[in-house]
Amino acid sequence: MKQNVVIIGGGIAGMEAANQLQLLGYNPIIVEQESALGGHVAQWHKLFPDMSVARDVVGRMSKSIASTNVFLDTRVVSVKSSRSHYTLSLSNGVDVTTRVVLIATGFGLFDARKKEEYGYGVYDRVITNGDLEQWMNGCADSRIPESPRSLGFVHCVGSRDLKAGNNQCSKVCCMTAVKQAIEMKELFPDSELYCFYMDLRLFGKKYEDFYINAQRDFGVHFVRGRVSEVGEDIDGRLCVKAEDTLLGKPLKIHLDLLVLMAGMVCHPQTSKVAEMLRLDVGNDGFFKSRDNLANIQESNQDGVFYAGACTGAKTIPETLAEARAVALRIHSYFNNL
Amino acid sequence: MTDFGFSISKSATIDMDAVDMELYERVCRQVPSARICMSCGSCSASCVAAPYSGMSVRKVILALQRGKDVRTMLSNCMLCGKCSMACPRGVNTRNLILTVCRNL
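Since the structure is predicted, the reported quantities are computational estimates derived from the model, not experimental observations.

All right, on to the overall build of chain B then. Summing up its helical and strand segments, chain B has seven helices and one strand in all. The order of α-helices and β-strands along chain B, N terminus first, is β-α-α-α-α-α-α-α. Taken over the C-alpha trace, chain B has a radius of gyration of 16 Å; the compact-globule value for 104 residues is 13 Å, which it surpasses by more than 25%. For chain B, the spread of C-alpha atoms along the three principal axes comes to 55 × 30 × 25 Å. With 104 residues in all, chain B has 30% of them scored as buried. Of the contacts made within chain B by residues no fewer than 6 positions apart, 60% connect residues no fewer than 24 positions apart.

Most peptide bonds take the trans configuration, and most residues that are not glycine carry a negative phi. All names here are of chain A. Of note, the amide linkage connecting phenylalanine 48 to proline 49 takes the cis form, showing an omega dihedral of 0°. Unlike most non-glycine residues, cysteine 156 shows phi in positive territory, near 55°. You can see cysteine 156 is positioned in strand 12 (residues 150-157). According to the C-beta neighbour criterion, cysteine 156 is buried, with 26 such atoms within 10 Å. Even without a glycine there, the phi angle at arginine 278 is positive, about 50°. Tracing the backbone shows arginine 278 in the loop between helix 6 (270-277) and strand 20 (304-306). By the C-beta count within 10 Å, which is 12 here, arginine 278 ends up exposed.

Below, the discussion takes up the pairing of strand 18 (residues 257-262) of chain A. Residues and elements named next belong to chain A. Within strand 18, six of the six residues are buried, which leaves the element mostly enclosed by the surrounding structure. The two faces of strand 18 match: Leu257, Val259 and Met261 on one face and Leu258, Leu260 and Ala262 on the other face are all buried. Where strand 11 (residues 126-128) lies against strand 18, three bridges are found, and the strand directions are parallel. Bridge pairing links threonine 128 to leucine 260 in strand 18.

Turning to the interface of chain A and chain B, a few remarks are in order. Every contact between the two is made by 14 residues of chain A and, on the other side, 13 residues of chain B. Of all elements in the fold, only helix 5 (207-216) and strand 17 (249-255) of chain A reach the threshold of two or more residues within the side of chain A that touches chain B. Take the side of chain A that touches chain B: its biggest share by element is six residues, from strand 17 of chain A. Split into classes, the residues belonging to the side of chain A that touches chain B amount to six nonpolar, four polar and four charged.

Turning our attention to the pairing of strand 7 (residues 86-90) of chain A. Residue and element names in this part refer to chain A. Across five bridges, strand 6 (residues 76-81) lies against strand 7 in antiparallel orientation. Looking at strand 7, one finds that valine 76 is bridged to leucine 90. Connecting the antiparallel pair strand 6 and strand 7 is a turn made up of four residues. With four bridges connecting them, strand 7 and strand 8 (residues 95-98) associate as antiparallel partners. Each residue of the ladder has a partner; that of tyrosine 86, found in strand 8, is threonine 98. Connecting strand 7 to the next strand, strand 8, in antiparallel fashion are four residues, including glycine 93 with a positive phi near 90°.

The subject of this paragraph is the sheet that holds strand 9 (residues 100-103) of chain A. All names here are of chain A. If you walk across this open sheet you meet the five strands as 5-2-1-9-20, and the pairing is parallel. Of all strands in the sheet, those bounded by a partner on one side alone are strand 5 (69-71) and strand 20. Between one strand axis and the next, the sheet turns through 20° on average, direction left out of account. Pairing of strand 1 (residues 4-8) with strand 9 involves four bridges; the strand directions are parallel. The residue bridging isoleucine 7 from the neighbouring strand is leucine 102, located in strand 9. Strands strand 1, strand 2 (27-31) and strand 9 of the sheet are contacted by helix 1 (residues 12-23), whose axis makes an angle of about 165° with strand 2.

Right, let's get into the nonpolar core. If you look at soluble globular proteins, the nonpolar side chains tend to sit buried side by side. Residue and element names in this part refer to chain A. One finds Ile7, Ala17, Leu102, Ile103 and Leu260 to be the most contacted residues of the largest nonpolar core, which totals 104 residues. Element by element, the count of residues in this core is highest for helix 4 (residues 173-187), at eight residues. There are two domains that each give this core at least three residues, and those are domain 1 (4-106 + 267-335) and domain 2 (112-264). Setting aside anything within four residues of it in sequence, one finds leucine 260 in contact with Ala112, Tyr118, Tyr120, Val126, Thr128, Asn129, Val154 and Val157.

Attention now goes to the sheet that holds strand 11 of chain A. Residues and elements named next belong to chain A. Spatial ordering of the open sheet is given by 11-18-12-13-14, a layout of five strands whose pairing is parallel. The outermost strands of the open sheet, each flanked by one partner alone, are strand 11 and strand 14 (221-224). On average, each strand axis in the sheet is tilted by 25° relative to the strand beside it, whichever way the strands run. Where strand 13 (residues 192-197) meets strand 14, four bridges bridge the pair, whose relative direction is parallel. From the neighbouring strand, tyrosine 197 faces strand 14, where its bridge partner is arginine 224. Contacts between helix 3 (residues 129-136) and the sheet are confined to strand 11 and strand 18, with strand 18 contributing the most and set at about 115° to the helix.

Thresholds applied
Residues numbered from 1 in each chain as written. Chains lettered and ligands numbered in written order. Predicted model: local features only at pLDDT ≥ 70, side-chain atom pairs only at ≥ 80, totals over all residues. Helix = DSSP H or I, 4+ residues; strand = E, 2+ residues; numbered from the N terminus. Rg over C-alpha atoms; globule rule 2.2 N^0.38 Å. Buried ≥ 20, exposed ≤ 12 C-beta atoms within 10 Å, placed from the backbone. Contact = placed C-beta atoms within 7 Å. Pairing = 2+ DSSP bridges. Nonpolar A, V, L, I, M, F, W, Y, C, P; charged D, E, K, R; others polar. Axes fitted to C-alpha atoms, helices over the stretch in contact; angles between N-to-C directions. Core = buried A, V, L, I, M, F, W, Y, C linked by C-beta atoms within 7 Å. Domains from an automatic or database assignment.

This is the structure we're talking about:
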């Protein structure tokens, strides 16, 4: 009989791990709290660096696990652990017994309302990176004007922010801002675009090329300095203030739309899952790996493994590589039982 | 008007709404590589005039983007071209300086 592997989370990490585990001869069971697979990626429009359509990527992945047991709209309610097994009680009334649990719960998008000075949820024309992707996916958004003349992107919203409780860099937002700036310039060729950044952390393959394209071919203006406050004029336009730290002078500008690059924070269910399985959580709120160099996928509990952004901000290729690696790690775990 | 012996300081804030980008855009059309400056400072660090005069191609590009005067800085450039060699993005700095001067 095939061994069960319960995967908590049906985002790209969970789906890819399920696919690989299936190929290795296991019976993966995905427990997903939402009503569809795909997690955050399914909400996105296009993915850098190849501008792949996110829905196609998720679609292909779900197809590859078409025969996998998937429980949607389901959460883990409680866990009983014996010497060699975990019995997970699910919210749909099913109990599953397994030797291995794979945590693939991913991240949460920072709640931009916490940075009150940016006016998300207060001013009409302030949105987040996530909102913009959904709009690009065809969801109507009354906050986005018909023909904006000037648009701004604020990097590091809720990332590298001690006071917001998130010291970590979210890694992908610099690149997301550059990508979204290019996309908006393509949609609104007469508009001016401004990216407000502290550093540009464009570490990945092709990221720097995007930056150069944004500057050279799309005329995106990069202003080094963190936005300090946003106000709203009587006509609804935004007045944005920052310091131009390259010039050492305060700067202000009126914009028709401001996009906040909300960062990756730990998934809101992290502490609940950690409590049920007695897993260690780091001071960043993410699951704590046995170490952060060679054992990122190992937890402090025997038979519990991690994949993807549940242990920290990750790109899609990093997440997929981890999901594939963890499948092999689980395979060797079973072989050594 | 009565002179009270004091005045109001002029705001140092850069009002981007009022900045005239015409010169910057004109220069960029003639020297497209000006757009890809990433403000690393290699040009200023290698500049022989910089230590004595404050000349800096990085600052010239930024000043153009913010509508500031660049005449003083440019007047100190000796057109040696060292900055062109130092620039990692391949900005045609020497040509940029000449082009700005021509368009002033």
